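The primary structure of each chain is shown beneath.
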Amino acid sequence: MSEARVGLVIEDDQDIRELVRAVLTQAGFDVTVAGSGSEGVKAARALNPDVITLDLGLPDIDGFEVSRQIREFSDAYIVMLTARAEELDTLIGLESGADDYLTKPFRPRELRARIAAMMRRPRALPDAGESAPPVSDRPVDAGTGSGNGHYSHNGLDLNYASRSVAVDGQELNLTRTEFELLYALLEAGRTVRTKSDLVRRLRYEDYDVGSYISEADERSVEVHMGNLRKKLGDSPQQPRWLQTVRGVGYRLAPGGR
Ligand code: CA
């Protein structure tokens, strides 16, 4: 019934490339590999992959730039592989368009878990570059979705089915991760979502499964939240939407603003 999913591995280190290829192949993907950034962009354009793993340090163009170029025509799920955990903040802050980050060395099991989480995510983002998002006929696969998947709060409108967000009538362009975080908070209302909750949400796990959450995972939620705040034009001190609960997590700011 369903055609094989396509994976693309962009990595110049042969050992890692073969390791990642093996993980993706085991997960049921048709895998293509590329050893440089420009080859990777070309392959992404030709193959329209569902998932791309992308090495940050490539011999020609770096991973940020590769990701940006791919994002111009693809909404593939991009996992960036980085050499050091400390690079993580910089990475996410640069808004390269990657969906997830993994620090080397990583265990194959860890990559498998990320890929499995990715496969649970709905793929309903409008194609990059299209002005009008296509209306999806498919039922919303939101797992914990409530009602019709439409939320309005303090001038913000989120529609899950069309994956669209507008503030005071102005359409916003959010990454998949930012969208999911915003959706999770709107859905929870005034209930606090801990950072671990949100990490699990991004993996499409239940909130209480007890899977391992690293400090880097939580930190990455903080940075994505910071980017989301910037895009919304929200203030951490006087939040209209995203209220930080110190040392715990986030919740929706009260209504009426
Ligand atoms: Ca490399």
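Residues numbered from 1 in each chain as written. Predicted model: local features only at pLDDT ≥ 70, side-chain atom pairs only at ≥ 80, totals over all residues. Heavy atoms only, no water.

Caption draft 1: Molecular detail of the overall build of the chain. Summing up its helical and strand segments, the chain has 8 helices and 12 strands in all. Residue burial in the chain is summarised as follows: out of 257 residues, 49% are buried. Put simply, 57% of the contacts in the chain that link residues at least 6 apart link residues at least 24 apart. (Helix = DSSP H or I, 4+ residues; strand = E, 2+ residues; numbered from the N terminus. Buried < 20%, exposed > 50% of the residue type's maximum accessible area, 1.4 Å probe, protein only. Contact = heavy atoms within 4.5 Å.)

Caption draft 2: Structural context of the pairing of strand β11 (residues 242-245). Looking at chain direction, β11 and strand β12 (residues 249-252) are connected through 4 bridges and run antiparallel. The residue bridging L242 from the neighbouring strand is L252, located in β12. Counted along the chain from β11 to the antiparallel partner β12, the turn is 3 residues long, and its residue G247 has a positive phi close to 75°. (Pairing = 2+ DSSP bridges.)

Caption draft 3: Examining the confidence of the model for the chain more closely. When pLDDT is averaged along the chain, the result is 82; 81% of the residues meet or exceed 70. Counting contacts from residues 124-146, a segment whose pLDDT is below 50, to residues more than four positions away or on other chains yields 28 contacts. (pLDDT = per-residue confidence, 0-100.)

Caption draft 4: Representation of the coordination of the calcium ion within the structure. Only D12 (OD), D55 (OD) and G57 (O) from the protein coordinate the calcium ion, and they sit 2.1 to 2.3 Å from it. Site description for the calcium ion: donor spacing in sequence, D-x42-D-x1-G. Looking at D55, the relative accessible area reads 4%, which means it is buried. Given a relative accessible area of 43%, G57 falls into the partly exposed group. (Donors = N, O, S within 2.8 Å, 3.2 Å for Na, K, Ca; no water.)

Caption draft 5: View of the nonpolar core. One finds L156, L158 and L182 to be the most contacted residues of the largest nonpolar core, which totals 27 residues. Every element with two or more residues in this core is listed here: β7 (156-159), β8 (164-167), α6 (176-188), α7 (195-202), α8 (215-232) and β12. Looking at this core element by element, the count peaks at 7 residues for α6. Those residues within four positions of L156 in sequence are excluded, and the remaining contacts are Y151, V165, A166, V167, L182, L186, L232 and W241. In terms of nonpolar packing, the next biggest core, distinct from the first, is built from 18 residues, L54, L58, V66 and I70 among them. (Core = buried A, V, L, I, M, F, W, Y, C linked by side-chain atoms within 4.5 Å.)

Caption draft 6: The packing of α7 against α8, seen in detail. The geometry of α7 relative to α8 is characterised by a closest axis approach of 9 Å and an angle of 85° between their N-to-C directions. Looking at the two axes, α7 sits roughly perpendicular to α8. In this structure, α7 contributes K195, S196, L198, V199 and L202 to the contact, and α8 contributes D217, E218, V221, E222 and M225. (Axes fitted to C-alpha atoms, helices over the stretch in contact; angles between N-to-C directions. Parallel < 35°, antiparallel > 145°, perpendicular 65-115°, else oblique.)

Caption draft 7: Local environment of the sheet that holds strand β3 (residues 51-55). Read across the sheet, 5 strands follow the order β2-β1-β3-β4-β5 without closing on themselves; strand pairing throughout is parallel. On the outer flanks of this sheet lie β2 (29-34) and β5 (100-103), each paired with one strand and no other. Here the strands of the sheet are splayed against their neighbours by 20° on average, with no regard to which way each runs. The pairing of strand β1 (residues 5-10) with β3 spans 4 bridges and is parallel.

Caption draft 8: Geometry of the packing of aromatic side chains. For the structure on display, the rule yields 3 aromatic pairs. Between the aromatic rings of Y160 and Y183, the centroid separation amounts to 4.3 Å while the plane-to-plane angle is 40°, which identifies the pairing as tilted. A residue pair is termed long-range when its members are at least 10 positions apart, and Y160 in the loop between β7 and β8 and Y183 in helix α6 qualify at 23 residues. The exposure class assigned to Y183 is buried, which follows from its relative accessible area of 0%. (Phe/Tyr/Trp six-rings, centres within 6.5 Å; stacked < 30°, edge-to-face > 60°.)

Caption draft 9: Representation of unusual backbone geometry. For the bond from K104 to P105, the omega torsion is -5°, close enough to zero to count as cis. The residue P105 is located in the loop between β5 and α5 (108-120) in this model. Even without glycine at this site, R163 takes up a positive phi of about 55°. Take R163: it is sitting in the loop between β7 and β8.

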